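This is what each chain is made of:
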Amino acid sequence: MIQNKTNKMVVFLLISLIMFSCAGDGKKSEGSKGHKIEYQVVESASGDVEDEEIWATMDGKFQNTGIEPNVVYEIIDQRDYDGDGLEEAFVFQSSGGSANMPRFIVYYNKETEAFQKVEFQNVGVFLNDSIEEWNGKWSFYGGNDAHYERFIFENGRIIKVDKYMRPKPEGAETLLTLSPSKMFGDETEAEAGDKKTASYDLDGDGKNEIIECEYMHGILWGDPERDRKPTMHITIYWSNGFTSDLTGEEYWLEMNVLSTKTNGVNDLSNGQIGVTYRWDGRQFKQQ
């Protein structure tokens, strides 16, 4: 019996030494103490609501994160974004209707020992679903070549670390602006499909072109720069009889005629940051 107790004591001491050695390893981050977190979207798991909830499995325990339920949740990505040894989740949310709600990150706060979320607020671009490495960190990126923004998650906060806005062509001044409010007045006064025209000599031949603006009510594009803002469909009727439909898949927040020219025709901008249209000899193309 004494021998058996001695053996148990030796085993206990060995385990204690191993645990002490692991705890003293300064190379390991504070969060990497055996915690492994996996996030899931579940429906009515708590039994209290019919909406979707975000649950997490941590150290083998399946638990509600406590993030308020919503009609639609989707976990876009999950990994350790800030290098603290704990996984976080990048989440899309929707009310189920047309409302565009900000994406957010769910993380485990080691100080409060609770799950929390932080939203992407004041973001000027639509975030991509892909996560990119940036300067050795995971980053959240959105926009296009003309205007983009980049963010990282750090210490429970979302931080903007990079942005770009393509400038207007060098020396460009705005000679004419046609906006929905200028052409159609208050949004309550205009109907979708209403048309009004203005005239301007775009190609310098001494004859004015007719610029037709068709009113469109604001909708949710999924793009913060355009969401809910009234736009216009622009058609140019040239003095030589040619017609240019400038819309394609885009609607214009406004039409600006710039002082700079390409192939003898004034450059245009549509009110979006960094977007310029130039004449290629046959049509306007977005730059």
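An account of the accompanying structure is given in this report. In this numbering scheme, every chain counts its residues from 1 along its sequence in written order. Note on the predicted model: pLDDT of at least 70 is required for a residue's local features to be given, and 80 or more for side-chain atom pairs to be given and counted; whole-chain, interface and lining totals, by contrast, use all residues. To obtain the side-chain values, all non-hydrogen atoms of the structure were used and water was disregarded.

A count of helical and extended segments in the chain gives two helices and 20 strands. Long-range contacts, defined here as pairs at least 24 residues apart, represent 40% of the contacts in the chain between residues at least 6 apart. Per-residue and other accessible areas were derived by the Shrake-Rupley procedure at a 1.4 Å probe size, with only the shown protein chains allowed to occlude residues. Accessible surface computed for the chain: about 16300 Å², of which carbon and sulfur atoms make up 48%. What counts as a helix is a DSSP run of H or I of at least four residues, what counts as a strand is a run of E of at least two, and both are numbered from the N terminus. For this analysis, residues touch if any pair of their heavy atoms sits within 4.5 Å.

By definition, a salt bridge exists where a carboxyl oxygen of Asp or Glu is found within 4 Å of a side-chain nitrogen of Lys or Arg. All told, the structure shown has 10 salt bridges when counted by the stated rule. Taking the shortest distance from any N to any O, the salt bridge between arginine 103 and aspartate 129 comes out at 2.6 Å. Remark: aspartate 129 occurs in strand 8 (residues 127-134) and arginine 103 occurs in the loop between strand 5 (88-94) and strand 6 (104-109); sequence separation between them is 26 residues. Residue classification places arginine 103 among the buried residues on the basis of a relative accessible area of 8%. The residue lysine 160 makes a salt bridge to glutamate 149 at a minimum N-O spacing of 3.5 Å. Of the two residues, lysine 160 sits in strand 11 (residues 157-165) while glutamate 149 sits in strand 10 (residues 147-154), which places them 11 residues apart along the sequence. We call a residue buried when its accessible area falls under 20% of the maximum for its residue type, exposed when it is over 50%, and partly exposed in between, using a 1.4 Å probe and counting protein chains only. Among the residues examined, lysine 160 registers a relative accessible area of 38% and is labelled partly exposed. One network of salt bridges, with partners in common, ties together Glu68, Lys117 and Glu119.

Before going further, it helps to examine the sheet that holds strand 3 (residues 61-64). Reading across from one edge, 1-2-3 is the order of the three strands in this open sheet, with antiparallel pairing throughout. Across the chains shown, the open sheet's two edge strands, defined by having one partner strand only, are strand 1 (37-43) and strand 3. Averaged over all adjacent pairs, the angle separating strand axes in this sheet is 30°, with direction ignored. Here, strands pair whenever DSSP counts at least two bridges between them. Summarising the sheet, strand 1 and strand 2 (residues 52-58) pair through seven bridges and their orientation is antiparallel. Residue tyrosine 39 lies in a different strand from strand 2, and its bridge partner there is alanine 56. Convention adopted: a line fitted to C-alpha atoms gives each axis, helices being fitted over their contacting stretch, and angles between N-to-C directions are expressed from 0 to 180 degrees.

The next subject is the nonpolar core. Grouping buried Ala, Val, Leu, Ile, Met, Phe, Trp, Tyr and Cys residues that are joined through side-chain atoms within 4.5 Å yields what is termed a nonpolar core. In terms of nonpolar packing, the biggest core is built from 25 residues, with Leu178, Cys213, Ile234, Ile236, Met255, Leu268 and Phe284 touching the most fellow members. Elements represented by at least two residues in this core include exactly strand 12 (174-178), helix 2 (180-184), strand 14 (209-216), strand 15 (231-237), strand 17 (255-262), strand 18 (265-269) and strand 19 (277-279). Residues in contact with isoleucine 236, not counting those within four places in the same chain, are Leu202, Glu209, Ile210, Phe242, Thr243, Ser244, Leu246, Met255, Leu268 and Phe284. Formed by 15 residues, the second largest nonpolar core is a distinct cluster that contains Ile37, Leu86, Phe104 and Tyr108.

Let us look at the environment of arginine 79. In this fold, arginine 79 is placed in strand 4 (residues 72-79). For the pair arginine 79 and isoleucine 131, spaced 52 residues apart in sequence, the C-alpha separation works out to 9.9 Å. Dropping the residues within four chain positions of it, arginine 79 is found in contact with Glu87, Glu88, Ile131 and Trp138.

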